[in-house]
Amino acid sequence: DLPRSARARIPGLVGDVRVIYDDRSVPHIFASTPADAYRALGYVVARDRHFQLELQTLAASGRLTEIAGARALSADREMRALGMGRVAERRLAALDSASPGARAIFAYADGVNAWIAAMGSRHVPIEYRLLAARPTHWSPINSLHLLNRMSWTLSYTQHELDVASARARVGRAAADALFPVNSPIQEPMVPSGATAPRFDAGPIPPPGEPDTSTSTLALAAMAGSTPKRSAGLDALGSNNWAVGPTRTAGSHAILAGDPHLELTLPSIWYEAHLVVPGELDVYGVTIPGAPWIIIGFNRDVAWTFTNAEADLVDYYVEAVDDPRAPRRYRLDGQWLPLEQRIETYRDARGAVIATDTIRFTHRGPLRRANDRWLSMRWTLYEPDEPGAFGALAVATSAAGALDGMRRYVGPPQNILVADRGGHIAIRTTGLFPVRPGNGRGDIVRDGSRSASDWQGFLPVDRYPASVDPAQGFLASANQQQRDPRQDSTYLGSNWYSPWRAMRINALLRADSAVTPDAMRRFQTDPGSARADVFVPALLEAAARVTNRDSADAELGTAMRLLAEWDRRYTRENERALLFEQTMSALTELTWDELDTPGQPGRRELTPEGAVLAVLLRDADNPWWDVRATDARERRDDVLAQSLRLGYRRAREEHGPPERGGWRWRDRRHANVRHLMRLDGFSALGMPTQGGPSTLNPSSGGGGFGASWRMVVELGPAIRAWGVYPGGQSGNPASRRYADRMRHWSDGMLDTLRVPDRPDALPQSHRSAVLTLEPER
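Procedures and definitions
Residue numbering note: each chain is counted from 1, following its sequence as written. Only residues with pLDDT of 70 or above have their local features reported here, since the model is predicted, and side-chain atom pairs are shown and tallied only from 80 upward, although totals for entire chains, interfaces and linings are computed over all residues. With hydrogens and water stripped out, all remaining heavy atoms of the structure feed into the side-chain values. For every residue, the accessible area (1.4 Å probe, protein chains only) is compared with the maximum for its type, and the residue is labelled buried under 20%, exposed over 50%, or partly exposed between those bounds. Segments assigned H or I by DSSP are reported as helices when at least four residues long, segments assigned E as strands when at least two residues long, and all are numbered from the N terminus. In this description, contact between two residues means that some pair of their heavy atoms is separated by no more than 4.5 Å. Each residue carries a pLDDT value, the predictor's own confidence for that position, ranging from 0 to 100. A side-chain nitrogen of Lys or Arg and a carboxyl oxygen of Asp or Glu constitute a salt bridge if their distance falls within 4 Å. A pair of strands counts as paired when DSSP detects no fewer than two bridges linking them. Helix axes are fitted to C-alpha atoms over the stretch in contact, other axes to C-alpha atoms as well, and angles between N-to-C directions run from 0 to 180 degrees. Roughly parallel refers to an angle under 35 degrees, roughly antiparallel to one over 145, roughly perpendicular to one between 65 and 115, and oblique to any angle outside these ranges. Left-handed is the label given to a crossing in which the near helix is rotated counterclockwise from the far helix by less than a right angle, and right-handed is the label when the rotation is clockwise. With a 1 Å grid spanning the protein atoms alone, the term cavity applies to any set of points in which a 1.4 Å probe fits but cannot get out, the term pocket to an open set with protein on both sides within 12 Å along at least five of seven lines, and the term lining residue to any residue with an atom within 4 Å of a point. Grid points are joined across faces, edges and corners, and a volume is the space filled by probe spheres set on the points. In this classification, Asp, Glu, Lys and Arg are treated as charged, Ala, Val, Leu, Ile, Met, Phe, Trp, Tyr, Cys and Pro as nonpolar, and every other residue, Gly included, as polar. Under the convention used throughout, the expected extent of a helix is 1.5 Å for every residue step, that is, one less than its residue count. Side-chain atoms within 4.5 Å are what join buried Ala, Val, Leu, Ile, Met, Phe, Trp, Tyr and Cys residues into a set we call a nonpolar core. Throughout this description, a polar contact denotes any pair of N or O atoms lying within 3.5 Å of each other; where both atoms belong to protein, one of them has to be capable of donating a hydrogen while the other can accept it, and for residues adjacent in sequence the pair is counted only when both atoms sit in side chains. The criterion for an aromatic pair is that two Phe, Tyr or Trp rings (for Trp, the six-membered ring) have centres within 6.5 Å, with stacked assigned to planes under 30 degrees apart, edge-to-face to planes over 60 apart and tilted to the rest.

Draft legend 1. Up close: helix H4 (residues 84-94). Every buried residue of H4 is accounted for by Met84, Gly85, Arg86, Val87, Ala88 and Arg91. Residues of H4 that are buried sit in contact with helix H1 (34-61), helix H3 (73-81), helix H7 (141-155), strand E16 (339-346), strand E17 (352-360) and strand E19 (372-378).

Below is the structure:
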């Protein structure tokens, strides 16, 4: 922690900068120029989070071996194979040094390096000592590496690989229905005029003969070595919603956002406030390494994001001159040279531990899959001039905020904005490829023809968007953005099931006088649209089966216990466990045809829950048949057996229900792990309210969830509240390392203090003052 008063020098500062830390250790940075504000931000972030800054950069650039040795080699190879370092180098070379984005990046680097230069041995983070490593100089390219890493986290999708794996098992027709282009349940981000979700899918074709085409098998081989998104695990997602003044108690627009990401200590977010009189006054959270506030507000506008879940990666089967070590690829009848890049991996001593040759076509990196070579194109490889977040910071209206994001490249997001004029708006933003033919991006294309290439990008006026809708509110939760009946433009496929969107829309439709505290409560609302669909189906099927066989006591007990549940994932409830065990069994029995060959019960991919919900409407569909039995099962048989198995497993693992072992708080936790996975520096086993596909979703391992919760009321004076799981300091010995964890776990928000000048923050709310001076 800082002493009550401290001073430091930063090269490049134009004037003195006052940094006033409030009682939550948030730095309020008062500077005379934006560049000085960014220099100061770099300094204070480095002071609090230096190891995190460097670790994220090494991970993004594929250089973790330089501190972790050979154990990090596979992770580094993945980043290098994707060309991540090459992208950052090209973007740095193309930066216009006079642009606001470039000035922010270089000024931020000045601040980080000023802290590194002044760092005494006692300030070196403990992680360096554990790794026998030393902090290194911070380069402006590191900010670009960080932004690329976010694109990898949020937009490196594998739609083709999932579909190819499924086609190789159950044929083209079935696979295309199990991983469809459009969501089987329509609750779109852009209001369609409907007041309830629409189930929008026909019968699912039965499993067919495997697709053995060369391209399918090649993609399936690549898919087998690549991690998949688990169905229903939408904890790595986000929520946001805004309510217009006609539906709020105070007649002011209110905005709420909670991005769901990996939960780490220190947090992915760092809270800060930057003020330059007459030019900048922005509050919110930044990612250590980025010089801008990413999610936050100024005096006029508030904004937040959810991930667009768009399909931005395409694969092409390439014709090469040598299947073992290609040097050329064929395009429109001509042989073109492959760009070759030698990647060298070093350990902490600088010794070479491995080298790779990465090849590139004009589309992107080349990879081998079986006896074929596939190239990849990704919007990340497109030119980008960073700075859109800087434009957001100075927006004065919702319309101006959207305009500032017009040049944003990625990762594509759904930006939600609200302003003091009472306007609310949402728009999907980023780059979206225009593809040839049917326009779909979930198919592999012929790389030998330039006609297979992208034909440009969707113009901004074609992006999904809504401004001040008649319903008076807007919400997104990673669902499909537009109703395909109104606009069928391809943006992606295999969408997250819209359970969270269904729940928040139901809450907002039911409340015509929303308050900020109601918005806060909604963020951890325990209700479940998923349970509302499946619990009645399970109970009805069990009732029909018990009517046929009244001696099935086990099923009767399970049915009675499930019927006692109110379908809410509260901490103290004792029936959500039974439902989750039942849903796990139902998934296993229904999708057994997708099991990995030779490994019954192991699946690399599973259809989304919305597909299973649609299947409930087809009682005789062949997918209900269980391969491991000789009988011909129908829907009710599988639902009843799933409930039996769920009850049986719950008893075996946690004891009889009357003994208290089924309490949800004891069975599902949040686990916020240290960046090095050190248990002693982690916060483990925290009970939370919420479950799979609720507004506060929890993953099985508890490592993903709401990384930042924020509510902003845009009245004459801005009022805001927020919290993230952790604390401002990255030092495990600091009282500011995890001081916000309890509030976050309990679903509470802290009041955010937003002084417009240094003397506007009372002494009672100050913890320290840091004065930064130009180097003399």
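Draft legend 2. Region of interest: the confidence of the model for the chain. Mean pLDDT over the chain stands at 93; residues scoring 70 or higher make up 97%. Low pLDDT, under 50, characterises residues 225-232; the predicted model gives this stretch 17 contacts beyond four residues in sequence or across chains.

Draft legend 3. Spatial organisation of the pattern of salt bridges. Here the structure, examined in full by the defined rule, presents 61 salt bridges. Two residues, Arg167 and Asp176, come together in a salt bridge whose shortest N-O distance is 2.9 Å. The class for Asp176 is partly exposed, based on a relative accessible area of 25%.

Draft legend 4. Seen up close, unusual backbone geometry. Along the chain, Leu265 connects to Pro266 via a cis peptide bond; the corresponding omega equals -5 degrees. The topology assignment puts Pro266 in the loop between strand E8 (264-265) and strand E9 (270-276). Of note, the amide linkage connecting Gly410 to Pro411 takes the cis form, showing an omega dihedral of 5 degrees. With respect to the secondary-structure elements, Pro411 resides in the loop between helix H12 (398-404) and strand E20 (413-419). With a phi angle near 50 degrees, Asp332 is a residue other than glycine that sits in the positive phi range.

Draft legend 5. Fine view of the sheet that holds strand E25 (residues 669-674). Within the open sheet, the three strands sit side by side as E8-E25-E26. Their pairing is mixed. Bordering the open sheet on either side are E8 and strand E26 (683-687), each of which pairs with just one other strand. One ladder, built from three bridges, connects E25 with E26; its direction is antiparallel. Opposite His669, over in E26, you have Pro687 as the bridge partner.

Draft legend 6. Structural view of the packing of helix H17 (residues 576-590) against helix H19 (residues 635-654). Where H17 contacts H19, the two axes come as close as 7 Å, and the packing angle between them is 130 degrees. What the angle tells us is that H17 and H19 run oblique. Considering only the axes of H17 and H19, their crossing is right-handed. Two secondary-structure elements touch here, H17 through Leu577, Leu578, Gln581, Thr582, Ser584, Ala585, Leu586, Glu588, Leu589 and Thr590 and H19 through Val638, Leu639, Gln641, Ser642, Leu643, Leu645, Gly646, Tyr647, Arg649, Ala650, Glu653 and His654.

Draft legend 7. Representation of the sheet that holds strand E22 (residues 445-446). Spatial strand order, E18-E19-E13-E22: four strands in an open sheet with mixed pairing. Looking at the sheet topology across the chains shown, the edges are occupied by strand E18 (366-369) and E22.

Draft legend 8. A look at empty space enclosed by the protein. As enumerated under the stated definition, the model contains eight cavities of 30 Å³ or more in all. Here the largest cavity defines a volume of roughly 150 Å³. Considering the residues around the largest cavity, the lining is formed by 17 residues, among which Glu187, Pro188, Pro191, Asn505 and Arg509 are closest to the centre. The set of elements that each furnish at least two residues to the lining of the largest cavity consists of strand E24 (473-476) and helix H13 (499-509). No other element matches E24, which puts three residues into the lining of the largest cavity. In terms of residue class, the lining of the largest cavity is made up of eight nonpolar, five polar and four charged.

Draft legend 9. Summary view of helix H8 (residues 159-170). If you check H8, its first and last C-alpha atoms are 16 Å apart, about what 12 residues at 1.5 Å a residue would give, namely 16 Å. Within H8, 11 of the 12 residues are buried, which leaves the element mostly enclosed by the surrounding structure. Within the sequence span of H8, burial applies to His159, Glu160, Leu161, Asp162, Val163, Ala164, Ser165, Ala166, Arg167, Arg169 and Val170. One or two residues past the end of H8 sits Gly171, with phi positive at roughly 90 degrees.

Draft legend 10. Molecular detail of the environment of Thr606. Mapped onto the elements, Thr606 comes out in the loop between H17 and helix H18 (609-615). Look at Thr606 and you get buried, because its relative accessible area is 17%. In the structure, Thr606 is positioned 351 residues away from Leu255 in sequence and 34 Å away in space, judged by C-alpha atoms.

Draft legend 11. Up close: the nonpolar core. Val44, Trp269, Leu274, Leu770 and Leu772 are the most contacted members of the largest nonpolar core, which has 104 residues in total. When residues of this core are assigned to their parent elements, the largest contribution, 13 residues, is made by H1. Apart from the residues lying within four places of it in its own chain, the contact partners of Trp269 are Arg49, Pro259, Leu261, Val285, Thr286, Ile287, Pro288, Ile294, Ile295, Ser707, Trp708 and Tyr724. Within the second largest apolar cluster, 58 residues are counted, among which are Phe534, Tyr569, Trp624 and Leu645.

Draft legend 12. The pairing of E25, seen in detail. The pairing of E8 with E25 spans two bridges and is parallel. The partner of Leu265 across the bridge, within E25, is His674.

Draft legend 13. Representation of the environment of Thr688. Within the secondary structure, Thr688 sits in the loop between E26 and strand E27 (704-706). For Thr688, a relative accessible area of 7% corresponds to the buried category. For the pair Thr688 and Ile353, spaced 335 residues apart in the sequence, the C-alpha separation amounts to 43 Å. Once residues within four sequence positions are removed from consideration, Thr688 is found in contact with Arg571, Trp664, Arg668, Ala670, Asn696, Trp744 and Ser745.

Draft legend 14. Local environment of the side chain of Asp636. Relative to the assigned elements, Asp636 resides in helix H19. At 2.6 Å, the side chain of Asp636 forms a polar contact with the side chain of Arg544. Filtering out sequence-adjacent residues up to four positions away, Asp636 remains in contact with Ala541, Arg544 and Val545.

Draft legend 15. Just the packing of aromatic side chains, in detail. Tallied over the entire structure, the rule returns 17 aromatic pairs. With a centroid separation of 6.5 Å and an interplanar angle of 50 degrees, the aromatic rings of Trp241 and Phe522 are classed as tilted. Remark: Phe522 occurs in helix H14 (residues 516-522) and Trp241 occurs in strand E6 (residues 238-243); sequence separation between them is 281 residues. Take Trp241 and Phe522: they sit in the same class, and that class is buried. With a centroid separation of 6.2 Å and 70 degrees between ring planes, the pair formed by Trp499 and Phe534 is classed as edge-to-face. Taken as a pair, Trp499 in helix H13 and Phe534 in helix H15 (residues 529-548) lie far apart in primary sequence, 35 residues in all. The exposure class of Phe534 is buried, given its relative accessible area of 1%. Joined through ring pairs, the aromatic side chains of Trp565, Tyr569, Phe579 and Trp664 make up one cluster.

Draft legend 16. Structural context of the packing of H1 against helix H5 (residues 100-118). Direction vectors running N to C along H1 and H5 enclose 50 degrees, while the axes themselves pass 7 Å from each other. Looking at the two axes, H1 sits oblique to H5. In this structure, H1 meets H5 at a crossing whose hand is right-handed. Contact residues: Ala35, Tyr38, Arg39, Leu41, Gly42, Tyr43, Val45, Ala46, Arg47, His50 and Leu53 in H1; Ala104, Ala107, Tyr108, Asp110, Gly111, Val112, Ala114, Trp115 and Ile116 in H5.

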